[in-house]
Amino acid sequence: MKRHQLTSKMFRLATGIAAGSPLLILIVLSFVLFRDAMPAFRYQGISFFTGIIWNMGNMYANNPIVKNGVQAAPGAAFGILPFIVGTIGSSIIALIIGVPIALMTAFALVYKVPPSLAKIVSPVIELLAGIPSVIYGLWGMTVVAPWVEYGLGPWLSHLGHMVPFLAAPVGTGLGLLTSGLVLAVMIIPIITSTARDLLKQVPTLPVEGALALGMTSFESVLHVAWPWAKRGIIGAVILGWGRALGETMAVLMVSGDAANYLPANLYSPISSMAAAIASMLDSALTDFSGLSVHALALIAVTLLLITMLTNLLARLLVQFGGRRVGVEV
Amino acid sequence: MINGTGSAIQAPLGDNGVRRPLRKARAIGAWSIAFAALALVVVVVIDILISVVGKGAQGLSWKVLTTQTSGISGGLENAILGTLMLILVSTIIAGPIGILGGVFMALFANSAVANVLRYITDILSGVPSIVIGYFGYTVMVVQWGWGFSMLAAGISLAVLTLPYIIRTTESSLRQVPKSYMEGALALGMTSTTALRTVLIRPALPGILTGLLLAVSIGMGETAPLIYTAGWSNFNPTFQMVKNPIGYLTYVVWTYLNEPYASAHQLAYTAAFLLILIVLILHILVRLLQRKPALQ
């Protein structure tokens, strides 16, 4: 019996350690990234976030220069504003396009699609969430980008005289709009499946009551079911936004991989913070002063903080989203 | 009965059927838009599948599956085996830790601790994969001197998939009725024995689902592998460090930018294989979920 209790205790301890491992990983991860990022921040200061030029400096120079106690190649400058703009811009476009489609899809799935059909459509949407991001990139490069280049782009650019940001040139199709479109498709399943689950939890009685009071079916959804599930759905939207902010491969493949350049119109090539880390590590390794790699760590820290904040907010909203809002049964 | 939506609620009560046709029309319009949205999503899924499957299936042959890549042509054997090895390594690491962690959160932790741990796990699952890749690169590849290697890549994937395994294990254990645990404890079992003999059986399909999802996620990842796995034209060996390893998503990403038809074909074939595996995993998950866990 004694030995039995001992193994039981040991097992409990092991599970405790395992459950604590995400915390440990996050602490080590943050520590390593901050440590790596410090030299870049000392060198560049706050202009890291406001500068437009990313230049590793003269790689053929004999001696590194020293600034604020950090060695750098002569002429090195690290500004990530274009990456920040690209990240925020493409993800906002994704939200503008993806959220209405995702919500309307969820409404249709929960209230109108017959269960036998929903049984087929729901797994299809879940499959969308499971498709690897390189395949979205492949699809974006070979299907969406040509469509933007020859179809959507020229059509939208006719509106250019009203909204200058929509004006031509459309370019190659690889850029801000295409990134936004591909990201929209990637976040739709996240939002749709959460919204669908939340809407299914809405008690039937108030919805039927609304119908009995003479509301149309859509009014009952809008005025009764929506307030009930609203916070949770907003949480899911922010969760999807966080996913779009951190997406690497798909954006890398369809963004046009631009640097040192702020988008001039909706079709401009861009890059995002995540894509920049992936595409520039190779060249950063050639920096003899090592500062470029530190600068990439600073991008990673920035991205980590942004996604942590959005995630925290989203989880809080999702967790408390199921509570009754404005409807009492 | 209903509060907080004010005037919007009163409008339909107040009118005497005058605006009814208008509101009816609006509802029909809104539902049409909803159906259009649903159709659009389905069309997009089909378009993605067609654009990949059409071209990918052409390149699929026994020879492609059993030849190693050579430059821009050849086969995918090294990439397929590499992906499988990476999944194996990451599951061996993340599987036990994840399942144990989920057990702790479902059975042993009090609700406050479980809540905090759940938040932390969720935050880890939200960390962009490229950040994990960078972390793996500076720590394992450079600092520990492992170089591009199976172990560095496998651990990066393990970090990425760990939160999913923890959460699915926890939720599938929580779905087991409390009376099972209480009955076992009343019989004098320790909670460990209760877990091993009573709880594990109904929770197992859920835990397996979590593992399969983790495999599916890990298999589709690229960003954390670019700077931890490297790439190799040769089949993986059992050398864990200082030995780069190939994987399928790398082929899709890089070979698409090569100016050769043979390279493009390989990229499409790799993409097709990835979709095929994801599809099979999803079907397995469906089958596991369909089986009633509890009588």
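Residues numbered from 1 in each chain as written. Chains lettered and ligands numbered in written order. Predicted model: local features only at pLDDT ≥ 70, side-chain atom pairs only at ≥ 80, totals over all residues. Heavy atoms only, no water.

Draft legend 1. Molecular detail of the overall build of chain B. The helix and strand tally for chain B stands at 12 helices and two strands. Sequence-ordered secondary structure for chain B, helices as α and strands as β, is α-α-α-β-β-α-α-α-α-α-α-α-α-α. Here chain B has a C-alpha radius of gyration of 25 Å; the compact-globule value for 295 residues is 19 Å, and the former is much larger. Dimensions of chain B along its principal axes, counting C-alpha atoms only, are 75 × 60 × 40 Å. Taken across its 295 residues, chain B has 52% of its residues classed as buried. (Helix = DSSP H or I, 4+ residues; strand = E, 2+ residues; numbered from the N terminus. Rg over C-alpha atoms; globule rule 2.2 N^0.38 Å. Buried < 20%, exposed > 50% of the residue type's maximum accessible area, 1.4 Å probe, protein only.)

Draft legend 2. Quick look at the interface of chain A and chain B. Across the contact, 90 residues belong to chain A and 85 residues belong to chain B. Both sides of the chain A and chain B interface together cover about 7,700 Å² of buried area, and 76% of this is carbon and sulfur. Among the ionic pairs, Glu126 of chain A bridges to Arg286 of chain B, the shortest N-O distance being 2.5 Å. Applying the counting criterion to the chain A and chain B interface returns 11 residue pairs in polar contact (both at pLDDT 80 or more). When residues in the side of chain A that touches chain B are grouped by element, the largest group, 21 residues, is from helix α1 (residues 2-44) of chain A. Residue composition of the side of chain A that touches chain B, grouped by class: 60 nonpolar, 20 polar and 10 charged. (Contact = heavy atoms within 4.5 Å. Buried area = accessible area lost by both parts, 1.4 Å probe. Salt bridge = Lys/Arg side-chain N within 4 Å of Asp/Glu carboxyl O. Polar contact = N/O pair within 3.5 Å; in protein donor to acceptor, adjacent residues only side chain to side chain. Nonpolar A, V, L, I, M, F, W, Y, C, P; charged D, E, K, R; others polar.)

Draft legend 3. Highlighting helix α7 (residues 204-212) of chain A. All names here are of chain A. When we look at burial in α7, the residues that qualify are Pro206, Val207 and Ala210. The buried residues of α7 occupy an angular sector of 100° when the element is viewed end-on, so they sit on one face. Away from the buried face of α7 by more than 90 degrees, exposed residues Thr204, Leu205 and Ala212 are located. Elements in contact with the buried residues of α7: α8 (217-246). The first or second residue beyond α7 is Gly214, which carries a positive phi of 105°. (Arc of directions from axis to C-beta.)

Draft legend 4. Summary view of the packing of aromatic side chains. Applying the stated criterion across every chain, the model contains 14 aromatic pairs over all chains. An aromatic cluster of at least three residues, connected via ring pairs, comprises Trp231, Tyr247, Tyr250, Trp253 and Tyr255 of chain B. (Phe/Tyr/Trp six-rings, centres within 6.5 Å; stacked < 30°, edge-to-face > 60°.)

Draft legend 5. Local environment of the environment of Ile92 of chain B. Residue and element names in this part refer to chain B. With respect to the helices and strands, the residue Ile92 is situated in helix α4 (residues 77-108). Look at Ile92 and you get exposed, because its relative accessible area is 57%. Distance in space between the C-alpha atoms of Ile92 and Ala158 is 8.5 Å, their sequence separation being 66 residues.

Draft legend 6. Focus on the packing of α1 of chain A against helix α5 (residues 111-126) of chain B. In contact at an axis separation of 9 Å, α1 of chain A and α5 of chain B are set at 50° when each is read in the N-to-C sense. One element, α1 of chain A, and the other, α5 of chain B, form an angle in the oblique class. In terms of crossing hand, the pair formed by α1 of chain A and α5 of chain B is left-handed. Facing α1 of chain A, whose interface residues are Ala19, Gly20, Pro22, Leu23, Ile25 and Leu26 of chain A, α5 of chain B presents Leu117, Ile120, Thr121, Ile123 and Leu124 of chain B. Each residue belonging to the contact of α1 of chain A with α5 of chain B can be placed in one class, and the counts come to nine nonpolar, two polar and no charged. (Axes fitted to C-alpha atoms, helices over the stretch in contact; angles between N-to-C directions. Parallel < 35°, antiparallel > 145°, perpendicular 65-115°, else oblique. Left-handed = near helix turned anticlockwise from the far one by under 90°.)

Draft legend 7. Quick peek at the side chain of His282 of chain B. Summarising the element assignment, His282 of chain B is placed in helix α12 (residues 261-290). Other than its neighbours up to four places away in sequence, His282 of chain B contacts Glu126, Leu127 and Gly130 of chain A together with Ser216 of chain B.

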